[in-house]
Amino acid sequence: MVDIKLHFEAMKPHLRAIKNCWLLWSAECRASTTNQNNQTETRLIAFIIGCGRSGTTLLGDVFAQHPQVNYLFEPYHLWAAIERRTDVLNLFHRVEGSLLMNASDYNEQSHRRFNCLIAGAGNRNPGKLVIEKTPLNALRIGYIEALAPGAKFVHIVRDGVDVCASIAKLASTNSYKIAGKPALNQWWGVDDAKWKALVRDGTAAGYYADEVHYLQNHLSRGAYEWLVSLREIDRWRAALGNRLTELTYDALTTNPQSYLKLLCGFFQIDASPSWIDAAASLIDSPRLHRGINLSLPPTMCEDFNRYQERYGFVNRATCMWKS
């Protein structure tokens, strides 16, 4: 029995490589056979966004159980088929990916493919809301606005130190392997492709260009991703208006019934007491990290702590040096 388990574990990287090839091939086939003169009807669609490790998976898993929802969990293969540059982890393509994307990245082909592969997911169950969950889409709101005008966004935000600690753990443990990609880091992609894209796009957008080169560990790099995600959401807040709603991970995990009911109203789907109770039972108590020393350059540290205070989080970063 032990030998069988060990053999299966050894096979996992190869099985993942085969799965990824099949997923991309399948998505490309579906996208390429879409009748360009009969585009898939665009249904109501919502996006769960936020820096990774903030509770987006928990929130998405809950709504995946709702009978009126068609849920898409991190469909990286679909996005890669829509636009190659979205593959910032280089899971499917060897490409210089883009993280901060806006309407200038839009084109008609990507729009047709988006309607077929993501918005069109609701066509399998007519009348259902499509909810897509990919944390990185917090950095692509302008691009999504061009692809899906009128879409709704739910932003979930978590204590930044908790987020950074979780990112650092995944990036350091790095247990997720794919055959043929020996340089894959579970968080930062192949040869740090995601980190390179984040630095390139973030500095071009003016996000801590003079400080980012001081970030030398997973913990501080996670803080940069957290900050850029929050600042991008703030940049779009006024334009989205009431199509954006926001909650904290702490609020969801301590008072799930109330927030699930509010979100059902936001999504315009049923909030039956039986579903609310069942969904709330899936939500665990919050996972907290205390006593972690997150050291950041002065401007980043100031902004980080300002966000922590704004959302009522208790942890604080420390400054690498006096400004």
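Keep in mind that this is a model prediction, so the values were computed, not measured.

**Q** For the environment of Gly312, give the residues involved together with the corresponding values.
**A** Mapping Gly312 onto the fold places it in the loop between helix H12 (298–310) and strand E9 (318–319). Here Gly312 falls in the exposed class, since its relative accessible area comes to 55%.

**Q** Break down the side chain of Lys152 for me, citing the residues and quoting the values.
**A** Along the chain, the position of Lys152 falls in strand E4 (residues 152–157). Nearest to the buried, unbridged Lys152 among oppositely charged side chains is Glu145, at 12 Å. A distance of 2.5 Å separates a polar atom in the side chain of Lys152 from the backbone oxygen of Phe266.

**Q** Let's hear about the packing of aromatic side chains: which residues, and what values?
**A** Considering all chains together, one arrives at twelve aromatic pairs under this definition. Ring centres 5.5 Å apart and planes at 25° place the aromatic pair Phe47 and Phe153 in the stacked group. Taken together, the positions of Phe47 in strand E1 (residues 45–49) and Phe153 in strand E4 put the pair 106 residues apart, joining distant regions of the chain. According to the relative accessible area criterion, Phe47 is buried, its value standing at 0%. Between Phe63 and Trp275, the ring centres sit 5.4 Å apart and the planes meet at 45°, which makes this aromatic pair tilted. Here Phe63, found in helix H2 (residues 56–64), pairs with Trp275, found in helix H11 (residues 273–280); they are 212 residues apart in sequence, far enough to count as distant. Exposure remark for Phe63: the relative accessible area of 0% places this residue in the buried category.

**Q** For helix H4 (residues 108–117), give the residues involved together with the corresponding values.
**A** Buried residues dominate H4, accounting for seven of its ten residues. Residues Ser110, His111, Arg113, Phe114, Asn115, Cys116 and Leu117 constitute the buried set of H4.

Thresholds applied
Residues numbered from 1 in each chain as written. Predicted model: local features only at pLDDT ≥ 70, side-chain atom pairs only at ≥ 80, totals over all residues. Heavy atoms only, no water. Helix = DSSP H or I, 4+ residues; strand = E, 2+ residues; numbered from the N terminus. Buried < 20%, exposed > 50% of the residue type's maximum accessible area, 1.4 Å probe, protein only. Lys, Arg positive; Asp, Glu negative; His and termini not counted. Salt bridge = Lys/Arg side-chain N within 4 Å of Asp/Glu carboxyl O. Polar contact = N/O pair within 3.5 Å; in protein donor to acceptor, adjacent residues only side chain to side chain. Phe/Tyr/Trp six-rings, centres within 6.5 Å; stacked < 30°, edge-to-face > 60°.

Function-wise, these values are silent; they only describe arrangement.
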